[in-house]
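# Understanding the architecture of this molecule
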Amino acid sequence: MFDHAYSNYMEHAYPADELMPLTCRGRVRGQEPSRGDVDDALGKFSLTLIDTLDTLVVLNKTKEFEEAVKKVIKDVNLDNDIVVSVFETNIRVLGGLLGGHSVAIMLKEKGEYMQWYNGELLHMAKELGYKLLPAFNTTSGLPFPRVNLKFGVRHPEARTGTETDTCTACAGTLILEFAALSRFTGTSIFEEYARKALDFIWEKRQRSSNLVGVTINIHTGDWVRKDSGVGAGIDSYYEYLLKAYVLLGDDSFLERFNTHYDAIMRYISQPPLLLDVHIHKPMLNARTWMDSLLAFFPGLQVLKGDIRPAIETHEMLYQVIKKHNFLPEAFTTDFRVHWAQHPLRPEFAESTYFLYKATGDPYYLEVGKTLIENLNKYARVPCGFAAMKDVRTGSHEDRMDSFFLAEMFKYLYLLFADKEDMIFDIEDYIFTTEAHLLPLWLSTTNQTISKKNTSTEYTELDDSNFDWTCPNTQILFPNDPLFAQSIREPLKNVVDKSCPRGISRAEESLGSGPKPPLRARDFMASNPEHLEILKKMGVSLIHLKDGRVQLVQHAVQAASSLDAEDGLRFMQEMIELSSQQQKEQQLPPRAVQIVSHPFFGRVVLTAGPAQFGMDLSKHKAGTRGFVATIKPYNGCSEITNPEAVKEKIALMQRGQCMFAEKARNIQKAGAIGGIVIDDNEGSSSDTAPLFQMAGDGKNTDDITIPMLFLFNKEGNIILDAIREYEAVEVLLSDKAKDRATIFKDLEMENMDQKSSENDSHKPIYEEAPSESQDAGAVSEEPKGGGESSAVGDADPLSPSSADSASVSVADQDPHTPGPAGAGAPETACTPGDSQPQEQNTQTEANSKAHWDSEVQPMESILADWNEDIEAFEMMEKDEL
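Keep in mind the model is a prediction, meaning the values are calculated, not measured.

Okay, the overall build of the protein next. For the protein, the helix and strand inventory stands at 26 helices and 31 strands. Residue burial in the protein is summarised as follows: out of 880 residues, 58% are buried. Restricting the contact set of the protein to residue pairs at least 6 apart, pairs at least 24 apart contribute 72%. Carbon and sulfur atoms make up 49% of the accessible area of the protein, which amounts to about 36600 Å² in all.

Summed over the entire model, instances satisfying the criterion amount to 33 aromatic pairs. Between F178 and F190, the ring centres sit 6.2 Å apart and the planes meet at 85°, which makes this aromatic pair edge-to-face. One end of the pair, F178, is in helix α7 (residues 175-185); the other, F190, is in helix α8 (residues 189-203), with 12 residues separating them in the sequence. The exposure class of F178 is buried, given its relative accessible area of 0%. Judged by its relative accessible area of 0%, F190 is buried.

Another aspect to go through is the state of the cysteines. If you walk through the whole model with that rule in mind, you get three disulfides. Shown here is the disulfide that connects C24 with C383, its sulfur atoms set 1.9 Å apart. Looking along the S-S bond of the C24-C383 disulfide, the torsion reads about 95°, which is the right-handed sense. Here C24 is found in the loop between β1 (18-20) and β2 (25-27), whereas its partner C383 is found in the loop between β15 (380-381) and β16 (384-385), with 359 residues between them in sequence. Here C636 connects covalently by a disulfide to C657, the sulfurs 2.1 Å from one another. Its S-S torsion of approximately -85° makes the covalent link between C636 and C657 left-handed. Of this pair, C636 sits in the loop between β25 (623-629) and α20 (642-645) while C657 sits in the loop between β26 (649-653) and α21 (659-668), and the two are 21 residues apart along the sequence.

The next point concerns the packing of helix α11 (residues 297-304) against helix α12 (residues 307-324). Packing of α11 against α12 leaves a shortest axis separation of 8 Å and a crossing angle of 165°. It follows that α11 is roughly antiparallel to α12 by the angle criterion. Here α11 runs over α12; the crossing is left-handed. Contacts from P298, Q301 and V302 in α11 reach I307, P309, A310, T313 and H314 in α12.

Moving on: the sheet that holds strand β14 (residues 337-339). The three strands are arranged β12-β13-β14 in an open sheet whose pairing can be described as antiparallel. Edge positions in the open sheet fall to β12 (289-291) and β14, since each of these has one partner strand only. Put simply, the sheet's adjacent strands are angled 30° from each other on average, direction ignored. One ladder, built from three bridges, connects β12 with strand β13 (residues 330-332); its direction is antiparallel. Looking at the pairing, W289 lines up with T332 of β13.

Attention now goes to the environment of L708. Take L708: it is sitting in strand β28 (residues 707-710). Taking the C-alpha atoms as reference points, L708 and V592, 116 residues apart in sequence, are found 8.2 Å from one another. Contact partners of L708, with chain neighbours within four places excluded, come to R590, A591, V592, A607, G608, P609, L616, G674, I675, V676, M693 and L732.

With their axes 10 Å apart at the nearest point, helix α4 (residues 86-110) and α7 run at an angle of 40° to one another. The angle between α4 and α7 falls in the class oblique. Considering the relative orientation of α4 and α7, their crossing is left-handed. On α7, the residues touching N90, I91, L94, G95, L98, H101, S102 and I105 of α4 are E177, F178, A180, L181 and F184.

Time to look at the environment of G613. Counting through the fold element by element, G613 comes out in the loop between β24 (603-607) and β25. Leaving out residues up to four positions away in the same chain, G613 has contacts with I703 and I705.

The strand order across the open sheet built from seven strands is β24-β23-β29-β25-β26-β27-β28, with neighbouring strands paired in mixed fashion. Two strands in the sheet have a free side with no partner beyond their single neighbour: β24 and β28. Going from strand to strand, the sheet's axes swing by 30° on average, the running direction of each strand aside. Relative to β26, β25 runs parallel, the two sharing three bridges. Bridge pairing links T629 to L651 in β26. Here helix α22 (residues 712-725) sits on the sheet in contact with β23 (590-594), β24, β25, β26, β27 (673-677), β28 and β29 (729-733), set at roughly 140° to β24.

A word on unusual backbone geometry. Following H597, the chain continues into P598 via a peptide bond in cis, with omega recorded as 0°. Here P598 shows up in the loop between β23 and β24. Residue P632 is bonded to the preceding K631 through a cis peptide linkage, with omega at -5°. Tracing the backbone through its elements, the reader meets P632 in the loop between β25 and α20. One non-glycine residue with positive phi stands out, namely A435, at about 65°. As for its placement among the helices and strands, A435 is situated in the loop between β19 (429-431) and β20 (437-439).

Taking 1.5 Å of rise per residue, the 15 residues of helix α15 (residues 402-416) would be expected to cover 21 Å, and the 22 Å separating its terminal C-alpha atoms lies within 8% of that figure. Within α15, 13 of the 15 residues are buried, which leaves the element mostly enclosed by the surrounding structure.

Further remarks concern the side chain of N90. Checked against the element boundaries, N90 lands in helix α4. On the accessibility criterion, N90 (0% relative accessible area) is buried. A polar contact of 2.9 Å, which involves the side chain of N90, links it to the backbone oxygen of T173. Polar contacts involving the side chain of N90 include one to the side chain of E177, which spans 3.1 Å. N90 has contacts with G95, L132, T173, L174, E177 and F178, leaving out every residue within four places of it along the chain.

This brings us to the confidence of the model for the protein. In this model, the protein carries an average pLDDT of 81, and 76% of its residues clear a pLDDT of 70 or more. Throughout residues 759-855 the model reports pLDDT below 50, and contacts reaching past four residues in sequence, or to other chains, amount to 185 contacts.

Taken as a whole, this structure holds 42 salt bridges when the rule is applied. D566 serves as the salt-bridge partner of R569, at 3.1 Å between the closest nitrogen and oxygen. Taken together, the residues span about one helical turn, with R569 and D566 both in helix α19 (residues 561-583) at a distance of three residues. Side by side, R569 and D566 carry an identical accessibility label, which is buried. A salt bridge links K713 to D686, with the shortest nitrogen-to-oxygen separation between them at 3.1 Å. With K713 in helix α22 and D686 in the loop between β27 and β28, the pair connects residues that are 27 residues apart, well separated along the chain. Given the relative accessible area of 15%, K713 is considered buried. A single network of salt bridges, built from pairs that share partners, joins E18, R35, D39, E88 and R92.

Cut-offs applied
Throughout this document, residue positions are counted from 1 along each chain, in the order its sequence is written. Predicted model: local features are reported for residues with pLDDT of at least 70 only, side-chain atom pairs are reported and counted for 80 or more only, and whole-chain, interface and lining totals are derived from all residues. For the side-chain quantities, the full set of heavy atoms in the structure was used; hydrogens and water were omitted. Here a strand is any run of E in DSSP of at least two residues, a helix any run of H or I of at least four, and the numbering for each starts at the N terminus. Exposed residues in this analysis have more than 50% of their type's maximum accessible area, buried residues have under 20%, and partly exposed residues fall in between, with area computed by a 1.4 Å probe over protein chains only. In this description, contact between two residues means that some pair of their heavy atoms is separated by no more than 4.5 Å. Residue burial considers only the protein chains on display, and all accessible areas are found by Shrake-Rupley using a 1.4 Å probe. Aromatic contacts are taken between Phe, Tyr and Trp rings whose centres are within 6.5 Å, Trp giving its six-membered ring; a plane angle under 30 degrees counts as stacked, one over 60 as edge-to-face, and the others as tilted. Cysteine sulfur pairs qualify as disulfides if the two atoms are within 2.5 Å. All axes are obtained by fitting lines to C-alpha atoms, using only the stretch in contact for helices, and the reported angles, taken between N-to-C directions, cover 0 to 180 degrees. Any angle that falls under 35 degrees is termed roughly parallel, while one over 145 is termed roughly antiparallel, one within 65 to 115 roughly perpendicular, and all others oblique. By definition, any crossing whose near helix is turned counterclockwise from its far helix by less than a right angle is left-handed, and any crossing with a clockwise turn is right-handed. Only strands joined by at least two bridges in the DSSP assignment are considered to pair. Expected helix span is computed as 1.5 Å times (number of residues minus one). For this analysis, a polar contact is any N or O atom pair within 3.5 Å, provided that within protein one partner can donate a hydrogen and the other can accept it, and provided that sequence-adjacent residues contribute only side-chain to side-chain pairs. The pLDDT value tells you how sure the predictor is about a given residue, anywhere from 0 up to 100. Salt bridge, as used here: a side-chain nitrogen of Lys or Arg that lies within 4 Å of a carboxyl oxygen of Asp or Glu.

Take a look at the structure:
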């Protein structure tokens with residue numbers, strides 16, 4: 001898997017920063033549409049190669065590492081006039097150079113490789129460190145979030161330096177790399193600046209709760225966003241406090257971490273959930289959803305030695321992954337998708353590795369196996385691995401971030417590696433947040449920072465919180481190999497049930513046990529019991545003249561402070577629910593999946609739905625067929641090439657008439673579906689919001705075929721495929737099918753066709769325009785109603801509520817083979833007189849669409865297909 005990703009980056013993208021795996025080219029900043037802050041990681045410094053250096057050595061690819069280091073030294077320029085993120089550049093580029101240097105000197109000492117190496121990566125790291133230092137030119141010592149590599153911050157040409165806010169993690173995730181740079185070089189200024197930033201954040205913590213907010217003013221130190229959690233915006237600040245103690249041996253870092261950790265477990269941890277709270281009112285949840293970055297936290301808890309909550313949270317996350325194949329960027333407390341993207345983040349794999357190291361439980365090897373299978377099944381494309389644009393539909397995004405190579409493969413390889421698989425002892429190193437390796441011997445090298453005794457600040461905490469050593473994992477589970485399983489067992493079905501509410505301290509003291517609060521989605525204004533609960537929570541209900549209901553909460557009218565807290569949570573849920581229902585009136589995205597050779601379902605494009613025509617969410621099999629470009633290309637008048645469009649999915653350009661008019665014209669020409677391609681050059685689903693095709697204001701019930709919209713960039717992927725392969729088959733669906741199901745459908749169609757022939761004793765001749773289409777997929781004469789009969793048995797989504805609809809979409813099992821695609825209607829037998837006993841079918845000898853004189857029996861075609869399928873499943877040499 002690593003070879004597939006790395007070789008495609010080097011072949012198609014290098015020296016660009018990242019690979020675009022759908023279009024097989026490099027992402028160069030300024031040459032692609034801006035993605036906003038995401039692009040701040042790109043600095044025209046071959047980001048992916050630098051980020052991958054120490055991964056090559058972990059995977060025992062020392063020759064490739066040696067070649068990569070020479071390329072970095074020769075080709076990479078750090079003096080570019082470009083504005084980059086201080087945080088991303090530090091963890092990916094500075095960390096990558098230091099990690100590469102760490103393993104380079106290790107290999108040199110072993111005497112076989114890197115004998116020529118003379119600290120060149122360290123010299124580049126020092127150069128980059130000096131380029132980041134201007135960002136620290138603030139009164140607080142907190143760095144600006146961005147810096148110009150050539151001009152710094154305040155320079156007139158820098159185009160940055162006006163920002164006032166930064167995230168806590170952005171300012172607090174510097175100490176490992178900067179201290180390592182100081183220890184390696186003997187130049188103390190880097191460690192001093194990173195320590196000053198950490199000191200300032202510590203001083204500004206909320207003193208009563210000991211929590212920190214998400215964003216802070218870099219000049220005044222005021223908290224801008226006062227919510228606190230362990231996910232995006234704060235995550236690696238906590239990670240670096242503990243790891244700074246491990247790497248540098250400074251007690252103050254451990255004391256600070258333990259102080260924060262006590263607050264996290266007191267307020268944020270609601271096992272198995274980790275929910276954001278307000279730093280000034282930590283008993284109140286700040287939101288009802290979690291982001292995927294918190295998946296690193298179980299791994300950090302393993303380092304801390306707090307195994308039980310680590311197992312609980314990890315198991316909850318694994319159940320979410322089993323539901324959606326990947327961890328959505330954000331999901332609600334009842335495990336519905338909140339943000340549907342998944343950029344192949346490695347945090348869950350990281351925690352899986354740490355839990356396996358701590359417990360030795362083979363269960364975590366099975367978890368790792370699931371991750372690998374899902375990546376290969378849903379994310380692998382011909383030019384690498386593509387991020388998921390929507391975990392519900394399986395659509396892809398044209399990105400493969402550098403952290404995928406830097407972290408994901410490193411943790412997965414280490415999860416399965418035995419000691420003899422490693423050429424060095426991984427225990428001699430600590431992982432940065434980007435999984436770069438820093439040697440532990442740095443703790444005793446070039447110590448130029450004086451340590452202050454600040455332990456008097458921590459006297460309010462229990463002494464048991466201050467363990468001065470990391471726990472020995474060999475004694476965590478004495479004589480109880482089922483310890484981890486006993487913790488996981490109660491959480492096996494947590495995702496499929498409503499999340500249990502933790503017992504509050506007040507309820508514990510009363511011994512009354514947990515009482516689940518009224519949830520906004522369950523509330524009914526006509527239910528007297530619900531109205532009584534609202535009254536207890538201080539919520540009053542007002543009936544408006546137009547029939548609507550207004551809810552108002554007065555905390556002072558609640559029966560108790562706990563009821564007031566429940567009331568506030570109920571109001572927050574109601575606001576979110578109302579907002580979400582408004583959004584969900586819009587249709588969700590659809591998927592266009594290229595299923596013909598050589599794609600075989602690997603490329604999935606995000607498509608906009610139409611508010612007319614076939615509802616693909618109610619036809620789970622989707623519509624499948626070969627694509628054909630119509631004439632005229634705008635589809636605004638009668639189609640002049642109906643013979644090319646008949647029984648095909650029509651491609652047309654946006655513009656010059658209503659979408660519904662285009663649909664009627666291609667339907668009249670015999671098309672089984674339509675794809676409208678945006679005429680706005682360069683438009684992309686990566687940067688534009690989802691587009692829905694509206695009707696023409698008239699009754700559109702006469703339109704029965706599915707219509708989807710592709711932005712220009714995604715549409716060009718199909719057009720390019722046509723130019724290269726001529727016959728291109730696609731599947732239009734509400735959610736991409738996994739490739740095994742696609743091939744199973746092909747086999748089933750072949751078998752159904754054969755059975756039909758045996759029953760009817762009639763010869764069927766047909767043209768097979770592509771190798772990837774099975775015999776019998778397209779009939780000479782379309783059968784009336786074939787499309788609806790192919791999909792009519794599919795269960796429609798439940799229309800009862802927006803919530804249930806969204807759950808229904810998420811619950812569809814991509815592994816369940818559906819009926820034959822609507823794009824492949826049942827073969828219509830041509831009426832005739834006498835029929836010969838031996839039935840032959842006509843197919844082609846190559847991928848070009850022409851008739852071949854050779855006639856093959858059905859058994860031969862099926863045998864050929866079975867061989868192709870077996871070869872595809874092996875994928876040993878990745879020839880695709």
